[in-house]
Amino acid sequence: GRMVRISTMIRSELAQALPNGGREAAFVTGGDVLFTFTRAGQSAAGAGAEPMPPVRVTYRFARGALTRQVDGGEAATVMSDLSAATAEFRDDAGAWQAAWQGATPYAIPRAVRLTLTGKDGVVTRIVAMVGPQFRPAPVATATAEEGGT
């Protein structure tokens, strides 16, 4: 039913996350923002049509509702009647983090675990892979003290 549709939408969008956020960090968390990311644009109708540009998507929990906002437009309610919503982020080492701390502004988590708690006490967990899974491991850059430039 409804939870399957919500789960499918979130998984589908996160699977399209791009490791390049343009002028912004690729993946952001904090405050009432559960996560913000850049995803591939939807395919235009018709063969040979120009692909749509990437879009910025924000999932937020506020006032008992999970909302979704695209490119700063009007926020749409995805689910209401929630008492809590939390997100955790799996890093390249396989550890879950309460807030995303990417090694670079281009870093995106491997997965997101979204936990939604209804006012009725029912807990739903959605685990979604994020972006392409075949990606190079992040390369740490040396600081000036370590001999870097």
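**Student:** Help me out: how do you make sense of the packing of aromatic side chains in this one?
**Tutor:** Aromatic rings considered in pairs are described by the distance between their centres and by the relative angle of their planes. Following the criterion strictly, the structure yields seven aromatic pairs and no others. Centre to centre, the rings of Phe 27 and Phe 35 are 6.1 Å apart; their planes meet at 20°, and the pair counts as stacked. Here Phe 27 matches Phe 35 in class, with each residue buried. Each ring, one from Phe 27 and one from Phe 37, has its centre 6.1 Å from the other, and the planes form 20°; the classification is stacked. Placement of the pair is Phe 27 in strand 1 (residues 27-30) and Phe 37 in strand 2 (residues 33-39), with a sequence separation of 10 residues. Given a relative accessible area of 5%, Phe 27 falls into the buried group. Judged by its relative accessible area of 0%, Phe 37 is buried. In textbook terms, an aromatic cluster arises when at least three aromatic residues are bridged by ring pairs, as seen for Phe 27, Phe 35, Phe 37, Tyr 59, Phe 89 and Trp 100. One residue, Arg 113, lies across the ring of Trp 96, its end atom 4.1 Å from the ring centre.

**Student:** Would you explain the sheet that holds strand 6 (residues 82-90) in this entry?
**Tutor:** One key point about sheets: their strands pair by backbone hydrogen bonds, in either a parallel or an antiparallel sense. Read from one edge of the open sheet, four strands run 7-6-8-9, paired in antiparallel fashion. The sheet terminates laterally at strand 7 (96-97) and strand 9 (123-129), the two strands that pair on one side only. Bridging between strand 6 and strand 8 (residues 111-118) involves eight bridges; their strand directions are antiparallel. Residue pairing across strands places Ala 85 opposite Leu 116, the latter belonging to strand 8. Taken strand by strand, helix 1 (residues 2-15) contacts strand 8 and strand 9, and its axis lies near 25° from that of strand 9.

Procedures and definitions
Residues numbered from 1 in each chain as written. Predicted model: local features only at pLDDT ≥ 70, side-chain atom pairs only at ≥ 80, totals over all residues. Heavy atoms only, no water. Phe/Tyr/Trp six-rings, centres within 6.5 Å; stacked < 30°, edge-to-face > 60°. Buried < 20%, exposed > 50% of the residue type's maximum accessible area, 1.4 Å probe, protein only. Helix = DSSP H or I, 4+ residues; strand = E, 2+ residues; numbered from the N terminus. Lys NZ or Arg CZ within 6 Å of the ring centre and 35° of its normal. Pairing = 2+ DSSP bridges. Contact = heavy atoms within 4.5 Å. Axes fitted to C-alpha atoms, helices over the stretch in contact; angles between N-to-C directions.

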